[in-house]
Every structure is written in structure tokens, then in C-alpha cells.
Amino acid sequence: MSKRALKKYLKEVPKTALEEQVLDLYERFPVVKEYYNFIFNPREDKLVQEAKTKISNEYFPVKRKRPRARRSVAQKYIKHFLKLGVNPPLIADVMLYNLEIAQLFAQERNVNEAFFKSMLNSFKEALQFVSLNALLPQFKDRIIKIYKGSQEKNWMYSEGFSRALDIIDN
């Protein structure tokens, strides 16, 4: 169904029928329920704290012995926050937190090449997001600290981190 056809349908359907349909969607689809719950009671700080806890648990687990160190966990939260329309500074905070926690992890463990490549991608995405949302003044210190950490520890792809930093210099 096209957007135009949907608009036409919505104009023709009685208000009570629309209310019933929205309630049905709310009950059937968890995504719809989550969307409406977020719209009417955002609690963004709670969502961000929950994401940070899960990300931290990926690298420094509380209940299991071995860390999983999956970038995908953070990416899932970031993508979800973007869909919900969470405040951009909070999304940037989670993006940078993921990198900071990963750096702490890399200091204590031997990590493979894929880990560094993944963190480079995260760094690039964070810089693009910060740049697009004009958040550089707010996050510049953290970005520089992450960059310096990658250079001081001789991370693989350190040249990529340098090139990524050029995004915000221009």
C-alpha cells in the first residue's frame, strides 16, 4: 500500500475504527507497543543506562567467565535509538562509550585484527554522527582521548583512526 492510498484510507475510516486498529497493533506487535511507550514516556536516560550496562557486560561480564566483546550489541542499541528518535547527544554518548569500554578491554586482553577493524568502523560512525548533528564541542575531548588511546597503544589500523579524525577537522 502506498502512502497516498493509506492517507486516503485513513480519511475515510471512522475514528472509532482507527482507534481499534491502533489498539490491535499495540497488542500484536511489540515494536508498536515499544514505540508508543517511548513516545508517551521517553525515559531516555534509563534506556541509555541500560544500553551502557549491556555493552559493558559484553567486555567485562558479571555472570559469565568469558567476555564476548561483540560490537553488534552496541550497534543494535544505537540502531534502535535512532529508530525511536532518542536525543542525538545521548546516542553519541553511547557510541563513544562503546569505544571507551573497548579500549579498556584491549588493554587487558589480546584481541584479534577483526576487533580493531570493528572499532575503527565504530569510530568512523561515531565521528560522522557527531559531525552531522553538530555535537563536536560537546564530545571533542572524549573523541580526542579515544584517538590518542588508539595511537598510544599502537592499535592496528591506527592510520584509519587518523584519517577518520580528518572528518571533524574539515
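One structure accompanies this document, and this report is about it. As the structure is a prediction and not an experimental result, all values here were calculated from the model.

### Quick notes on unusual backbone geometry
Of note in the backbone geometry, alanine 134 takes a positive phi value of approximately 55° without being a glycine. Of note, alanine 134 is situated in the loop between α7 (113-132) and α8 (136-152). Residue classification places alanine 134 among the exposed residues on the basis of a relative accessible area of 63%. Phi at asparagine 154 is positive, roughly 55°, even though this residue is not glycine. Topologically, asparagine 154 is positioned in the loop between α8 and α9 (158-169). The exposed category is assigned to asparagine 154, whose relative accessible area is 63%.

### Side note on the environment of asparagine 133
As for its position among the elements, asparagine 133 is in the loop between α7 and α8. Counting along the chain gives 12 residues from asparagine 133 to asparagine 121, while the straight-line C-alpha distance between them is 18 Å.

### A look at the environment of tyrosine 77
By the element assignment, tyrosine 77 lies in helix α5 (residues 71-84). For tyrosine 77, a relative accessible area of 11% corresponds to the buried category. As a C-alpha pair, tyrosine 77 and isoleucine 168 span 91 residues in sequence and 24 Å in three-dimensional space. Aside from chain neighbours lying at most four places away, what touches tyrosine 77 is Glu50, Ala51 and Lys54.

### As for the packing of helix α2 (residues 15-28) against helix α3 (residues 30-40)
α3 packs onto α2 with a crossing angle of 110° between their chain directions and a minimal axis gap of 5 Å. As summarised for this structure, α2 and α3 are arranged roughly perpendicular, according to the angle between their axes. Contacts between α2 and α3 involve Val22, Leu25, Tyr26 and Arg28 from the former and Pro30, Val32, Lys33, Tyr36 and Asn37 from the latter. Classifying every residue of the contact of α2 with α3 by side-chain character gives six nonpolar, one polar and two charged.

Criteria and cut-off values
Residues numbered from 1 in each chain as written. Predicted model: local features only at pLDDT ≥ 70, side-chain atom pairs only at ≥ 80, totals over all residues. Heavy atoms only, no water. Helix = DSSP H or I, 4+ residues; strand = E, 2+ residues; numbered from the N terminus. Buried < 20%, exposed > 50% of the residue type's maximum accessible area, 1.4 Å probe, protein only. Contact = heavy atoms within 4.5 Å. Axes fitted to C-alpha atoms, helices over the stretch in contact; angles between N-to-C directions. Parallel < 35°, antiparallel > 145°, perpendicular 65-115°, else oblique. Nonpolar A, V, L, I, M, F, W, Y, C, P; charged D, E, K, R; others polar.

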